Amino acid sequence: MSSLIALGTGGAATATTLYLYAGIRGKNKIHVDPDHVPYWAFTIGMLSANAGTAFQQISGIGTQLSDAFQNNSALGEWKVGATALVLTILVFGFKPKPLKDAVCGAIAPSLFAAAGGIWVLPESLFGVVTAFVS
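Structural notes, computed from the coordinates. (Residues numbered from 1 in each chain as written. Predicted model: local features only at pLDDT ≥ 70, side-chain atom pairs only at ≥ 80, totals over all residues. Heavy atoms only, no water.)

Observations concerning the side chain of Ser66
We count it as follows: We count a stretch as a helix when DSSP gives it H or I for four or more residues in a row; a strand needs E for two or more, and each element gets its number in order from the N terminus. In what follows, a contact means two residues having at least one pair of non-hydrogen atoms within 4.5 Å.
With respect to the helices, strands and loops of the structure, Ser66 is situated in helix α3 (residues 53-70). Every residue in contact with Ser66, bar those within four places of it in the chain, is listed here: Val80, Thr83 and Leu111.

Structure (structure tokens):
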């Protein structure tokens with residue numbers, strides 16, 4: 001059974017990225033509220049995990065960020081969950097800024113999946129919704 005709108009993950013990731021870009025610019029017909037940017041970016045990150053190689057670099061950024069903290073002896077023991085928590089605080093604890101929220105939201109799914117435990121819940125719920133829609 002095909003989906004209602006046949007985009008594919010690469011097409012959906014591209015369309016969502018373009019929609020977010022047009023929406024945060026604020027000068028077009030599309031408007032995205034700055035408070036909603038992390039959710040749009042999280043969707044882009046989820047779609048990117050299953051898209052082609054052009055989008056899979058997004059998850060690599062999250063892995064590199066986490067590795068940078070884990071390999072820093074000055075911080076002591078650092079796990080992926082700590083990086084996921086820091087990222088979540090950056091997005092929801094500070095004033096909304098489209099660029100910061102877009103980058104953090106896009107790399108969040110890869111960090112949440114790597115952290116495991118309760119961090120996997122947002123990704124799991126999104127996976128259930130996308131499976132239901134397609």
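That covers the picture; the talk isn't over yet.
Examining the packing of aromatic side chains
Short version of the rule: The pairing test for Phe, Tyr and Trp rings, Trp by its six-membered ring, is centres within 6.5 Å, and the orientation test on the planes gives stacked under 30 degrees, edge-to-face over 60, and tilted for anything in between. Only protein chains enter the accessibility calculation, which uses a 1.4 Å probe; a residue is then buried when its area is under 20% of its type maximum, exposed when over 50%, and partly exposed in between.
What the rule picks out here adds up to 4 aromatic pairs. Ring centres of Phe42 and Phe112 lie 6.1 Å apart, and the angle between their planes is 40°; this geometry places the pair in the tilted category. Remark: Phe112 occurs in helix α5 (residues 98-115) and Phe42 occurs in helix α2 (residues 37-50); sequence separation between them is 70 residues. Phe112 carries the same exposure label as Phe42, and that label is buried.

A closer look at α2
The line we're drawing: A helix is expected to span 1.5 Å multiplied by its residue count minus one.
Taking 1.5 Å of rise per residue, 14 residues should cover 20 Å, and α2 covers 21 Å from first to last C-alpha, within 8% of that figure. Listing the buried residues of α2 in full gives Val37, Pro38, Ala41, Phe42, Ile44, Gly45, Met46, Leu47 and Ser48.

Quick notes on empty space enclosed by the protein
Convention followed: Method remark: on a 1 Å grid restricted to protein atoms, a set of points is classed as a cavity if a 1.4 Å probe fits but cannot get out and as a pocket if it is open with protein on both sides within 12 Å along at least five of seven lines; lining residues have an atom within 4 Å of a point. Grid points are joined across faces, edges and corners, and a volume is the space filled by probe spheres set on the points. Amino acid classes used here: Ala, Val, Leu, Ile, Met, Phe, Trp, Tyr, Cys and Pro are nonpolar; Asp, Glu, Lys and Arg are charged; the rest, including Gly, are polar.
Scanning the entire structure with this criterion turns up 1 cavity of 30 Å³ or more. By volume, the largest cavity amounts to about 50 Å³. Breaking the lining of the largest cavity down by element, the ones donating at least two residues are α2, α3 and α5. Residue composition of the lining of the largest cavity, grouped by class: 5 nonpolar, 4 polar and no charged.

Structural notes on the environment of Ser59
Mapped onto the fold, Ser59 is located in helix α3. Owing to a relative accessible area of 29%, Ser59 belongs among the partly exposed residues under this scheme.

A closer look at α3
With 18 residues, α3 should cover 26 Å at 1.5 Å per step; its first-to-last C-alpha distance of 26 Å lies within 8% of that length. Regarding α3, the residues found buried are Phe55, Gly62 and Ser66. Among the structural elements, α1 (8-25), α2, α4 (80-92) and α5 are those in contact with the buried residues of α3.

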